[in-house]
Amino acid sequence: MENPAFSTPIPHDLPLPLPAPEWLLVLLLVLSFMVHLLFVNFMVGGSLLTIFFEWKGRKQKAFDDIAHEIAKTITVNKSLAVVMGVAPLLLINVLYTVYFYSANALTGLAWILIVPLITVAFLLTYLHKYSWDSLQNHKGLHLFIGGVATAIFLCIPLVFLVNINLMLFPNLWNEVHGFFSALMIPNVFPRYFHFLAASITAACLFLVGYMKRSQYPYESLIRGLPRAELLKILYSGALGATGLQFLIGPLVYLTLPSHGISISMSLVILAGVFLAVPAMIYLWREVSEPKATVGRHFNKIVFLLTLTVVFMVSGRHMYRATSLEGHKKLVKAKTETYAKAVAEATEAAKTNAANPIASDAPDGKVLFSSYCGACHGYDKRQVGPPVLEIQGIYNGNIDGIVQWAKAPGKKRADYPQMPPMPLPDEQLRAIGGYMLEMKN
């Protein structure tokens, strides 16, 4: 196997301590992501079901009423999905800074478009919900509005998935050139179809729980379709989508690069599969048993599938941890080397500044070597930016270099703070002049 140190980019991390114990941050990440994902499933699955039932409702009014009721839940679930997404987004930023931001940069425009896409989708969702009655005689237009919102809702999780997936494979970073390039990683589409099937299952079960409540005024809202019959339709959707997972799941597993697969991770995933089997049996009973008993297995189904999700999400995190373990060790070593170089260069700069060279005619080259060479190379990054980059910023502006050296600011997060240079202006000008004339 090729040495990853040569085939894979190894950046240094920001040498900052975690704000809490790592195990606690990981636990919070897994739990908060599960909650966020649940509402995303409700939102995406609910959007698909809304369009499906509204399309059927062109011929049977009851299905149009059902679609309208589902549409009312989407705007709430999408707001909760956004709010509940803040915690896992912050936690993944803290725990996987290098990997998350590298993936952000590589997926480029698609990642930047997420916020405007979400904004447009939300506005269209509200328009779709509140124009239901006014566009009743223009069903084609109304379906088009809902269809566009749904299409955007389908795109946004795909962008997130591609980005999060790319985090796991630093060895591919040199080969990825934008979103569509990252989209072609073999395990992306199996994971996406796995997500879509889970969204349909979650949305169907959410609607079963929502509409089977005794206080829900079903008969006054939906006429022409008995409640038990609708619940069976929703249970059938959940059964079909869950059954589909038994085909998609193995495909997801088989397309995962082997370096992240471990025995413990495989056992956790397998436990989730075993828990899904009795849930399938209960779903089948809800579909096949008499309508008078529909709903009696609901709690057991939700419990078993919730445990399934817990095991699946835990297995996914275990894969991520194993996949990045070797690379994180290399990044840690590079970060330690970088921090040591920063400390040494800073100390050298302070020492040299405390003992300025006396000279009637300052020699810019000598002064640069004494005070600046430890941090600035000509065309390669050391502790500070290369001289070639400084020449581009201060072309012909020696005074600008002098002012910066006397009171340096903090422009870039990935460079350490430069200490001020307490040298006479004459010597600083000599250094600045030499830097602007320096050649390789």
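The structure presented is a predicted model; accordingly, all values stated were derived computationally and were not measured.

Engineer: Report on the overall build of the protein, specifying residues and quantitative values.
Structural biologist: In terms of regular secondary structure, the protein is built from 17 helices and zero strands. Taking 2.2 N^0.38 as the reference for a compact globule, 440 residues should give roughly 22 Å; the C-alpha atoms of the protein span a radius of gyration of 29 Å, well beyond that estimate. For the C-alpha atoms alone, the extent of the protein along its principal axes is close to 100 × 55 × 35 Å. Residue pairs in contact within the protein that sit at least 24 positions apart in sequence constitute 74% of those at least 6 positions apart. Carbon and sulfur atoms make up 67% of the accessible area of the protein, which amounts to about 22400 Å² in all. For the protein, the distance from the average position of its 35 positive side-chain charges to the average position of its 26 negative side-chain charges is 12 Å.

Engineer: Describe the nonpolar core, and please don't skip the residues or the numbers.
Structural biologist: Of all hydrophobic cores here, the largest spans 58 residues; its most connected members are Tyr 96 and Tyr 99. When residues in this core are grouped by element, the largest group, 11 residues, is from helix 7 (residues 139-167). Leaving out residues up to four positions away in the same chain, Tyr 99 has contacts with Met 167, Pro 170, Trp 173, Leu 324, His 327, Lys 328 and Val 331. Counting 34 residues, the second-largest nonpolar core is a separate cluster that includes Leu 49, Phe 63, Val 208 and Ala 279.

Engineer: With reference to specific residues and values, describe the packing of aromatic side chains.
Structural biologist: Counted by the stated rule, this structure contains 17 aromatic pairs. With 6.2 Å between their ring centres and 50° between their planes, Phe 122 and Phe 153 make a pair best called tilted. You can see Phe 122 sitting in helix 6 (residues 114-130) and its partner Phe 153 sitting in helix 7, a full 31 residues away along the chain. Accessibility expressed as a relative area gives 16% for Phe 122, which makes it buried. Ring pairing ties together the aromatic residues Phe 39, Phe 42, Phe 206, Tyr 210 and Tyr 216, which thus form one cluster. Residue placement shows Lys 78 over the ring face of Phe 122; its charged tip is 4.2 Å from the ring centre. A cation over an aromatic ring shows up here: Arg 213 above the ring of Tyr 210, its NZ or CZ 4.6 Å from the ring centre.

Engineer: Give a detailed account of the packing of helix 5 (residues 97-112) against helix 6, specifying residues and quantitative values.
Structural biologist: Axis separation between helix 5 and helix 6 bottoms out at 6 Å; the angle between their running directions is 25°. Classified by the angle between their axes, helix 5 and helix 6 sit roughly parallel to one another. Listed contacts from helix 6 to Ala 110, Trp 111 and Ile 112 of helix 5 are Ile 114, Val 115 and Pro 116. Taken together, the residues that form the contact of helix 5 with helix 6 break down as six nonpolar, no polar and no charged.

Engineer: An account of the side chain of Asp 64 is requested, with residue identities and associated values reported.
Structural biologist: Mapped onto the elements, Asp 64 comes out in helix 3 (residues 61-84). Here Asp 64 falls in the buried class, since its relative accessible area comes to 2%. With residues near it in sequence (within four places) discarded, Asp 64 still touches Phe 53, Glu 54, Gly 57, Trp 132, Gln 136 and Lys 139.

Engineer: Mind laying out helix 14 (residues 364-371), listing which residues take part and the relevant values?
Structural biologist: For helix 14, the complete set of buried residues consists of Gly 364, Leu 367, Phe 368 and Tyr 371. The arc enclosing the buried residues of helix 14, seen along the axis, measures out at 100°, which places them on a common side. Turned more than 90 degrees away from the buried face of helix 14 sit Lys 365 and Ser 369, all of them exposed.

How each quantity is defined
- Residues numbered from 1 in each chain as written.
- Predicted model: local features only at pLDDT ≥ 70, side-chain atom pairs only at ≥ 80, totals over all residues.
- Heavy atoms only, no water.
- Helix = DSSP H or I, 4+ residues; strand = E, 2+ residues; numbered from the N terminus.
- Rg over C-alpha atoms; globule rule 2.2 N^0.38 Å.
- Contact = heavy atoms within 4.5 Å.
- Areas by Shrake-Rupley, 256 points an atom, 1.4 Å probe, with all protein chains shown as cover.
- Lys, Arg positive; Asp, Glu negative; His and termini not counted.
- Charge placed at Lys NZ, Arg CZ, Asp CG, Glu CD.
- Core = buried A, V, L, I, M, F, W, Y, C linked by side-chain atoms within 4.5 Å.
- Buried < 20%, exposed > 50% of the residue type's maximum accessible area, 1.4 Å probe, protein only.
- Phe/Tyr/Trp six-rings, centres within 6.5 Å; stacked < 30°, edge-to-face > 60°.
- Lys NZ or Arg CZ within 6 Å of the ring centre and 35° of its normal.
- Axes fitted to C-alpha atoms, helices over the stretch in contact; angles between N-to-C directions.
- Parallel < 35°, antiparallel > 145°, perpendicular 65-115°, else oblique.
- Nonpolar A, V, L, I, M, F, W, Y, C, P; charged D, E, K, R; others polar.
- Arc of directions from axis to C-beta.

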